[in-house]
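Coordinates in review
As a plain string of letters, each chain reads:
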Amino acid sequence: DLEDSLDFITADVPCLQLIHIRRNRRDAAVEIMEKGWLSNEQLKSQTNLLPGSPKKVKLDGSEFYIPFVVPVEAKNIYLSLSELDRAFLYTIIQSINLENAIANIKIKSHQMDFEALVKDPKRQISLLMGELGLMETEMYRKNIAKLATIVNEIEIGKGNNYEPSGALIEILQELNLDFTV
């Protein structure tokens, strides 16, 4: 699991500091949906692109490989959700798992909002450099200019109008999961 992976990495590098860039869950869900990663067609492929080991389930005579984060007993409900609701549930569970893993390992971590990084990369990177105790160098100045060019092409706010369905809200409440951004 995630915590074991982080423990493995930090065991050999005790002075490691983790930088966690957090993304708006609704935006992430829209991107996953647009890529088709949780479509019925993709979930029928054993080689779907999601990380982890997908679980094989049968429903109405078809085989699906659902993400490992979805409890097998919730397969019928999960498969009945829209692709966007599936993606939102996936991003919620994954982000909670990552935040818990980071909290449970004993290394220094820093958080940064992806949207803030895209809106003002120079300011956000400068703040991070200060937290890390690093000095700005000529290489830094060259690379921050490149980063600013790259992030200008990133679209944020795609998920602003998305509202989870009633079925998904019920699942989230039943699982006692926070579904805010």
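No experiment lies behind these values; they were computed from the predicted model shown. (Residues numbered from 1 in each chain as written. Predicted model: local features only at pLDDT ≥ 70, side-chain atom pairs only at ≥ 80, totals over all residues. Heavy atoms only, no water.)

**Some remarks on the layout of surface pockets**
Under the convention used in this document: Any residue with an atom within 4 Å of a point lines the site, the site being either a cavity, points on a 1 Å grid over the protein atoms alone where a 1.4 Å probe fits but cannot get out, or a pocket, an open set with protein on both sides within 12 Å along at least 5 of 7 lines. Grid points are joined across faces, edges and corners, and a volume is the space filled by probe spheres set on the points. In this text, helices come from DSSP runs of H or I with a minimum length of four residues, and strands from runs of E with a minimum of two, each type numbered from the N-terminal end. In this classification, Asp, Glu, Lys and Arg are treated as charged, Ala, Val, Leu, Ile, Met, Phe, Trp, Tyr, Cys and Pro as nonpolar, and every other residue, Gly included, as polar.
One number sums up the size of the second largest pocket: a volume of about 220 Å³. What lines the second largest pocket is a set of 13 residues, among which Ala-74, Ile-77, Ile-171, Glu-174 and Leu-175 lie closest to the centre. Residue assignment for the lining of the second largest pocket shows that the elements contributing at least two residues are α5 (83–104) and α9 (166–174). Looking at the lining of the second largest pocket element by element, the count peaks at four residues for α9. Within the lining of the second largest pocket, the residues separate by chemical class into 10 nonpolar, no polar and three charged.

**Remarks on the pattern of salt bridges**
For side chains of opposite charge, pairing can occur when their charged atoms come near one another. As a reminder, the rule being used: Definition used for salt bridges: Asp or Glu carboxyl oxygen within 4 Å of a side-chain nitrogen of Lys or Arg. Each residue's exposure class comes from its accessible area (1.4 Å probe, protein chains only) as a fraction of the maximum for that residue type: buried when under 20%, exposed when over 50%, partly exposed otherwise.
Applying the stated rule across the entire model yields 10 salt bridges. Of the charged contacts, one joins Lys-58 and Glu-63 as a salt bridge, the two residues approaching to 3.7 Å between their closest N and O atoms. Taking the relative accessible area as the measure of exposure, Lys-58 reaches 54% and is therefore exposed. Overall, Glu-63 belongs to the partly exposed group, its relative accessible area being 31%. Between Arg-141 and Glu-138 there is a salt bridge, with its nearest N and O atoms 3.6 Å apart. In this pair, Arg-141 and Glu-138 are both assigned in helix α8 (residues 138–151), three residues apart and thus about one turn of the helix distant.

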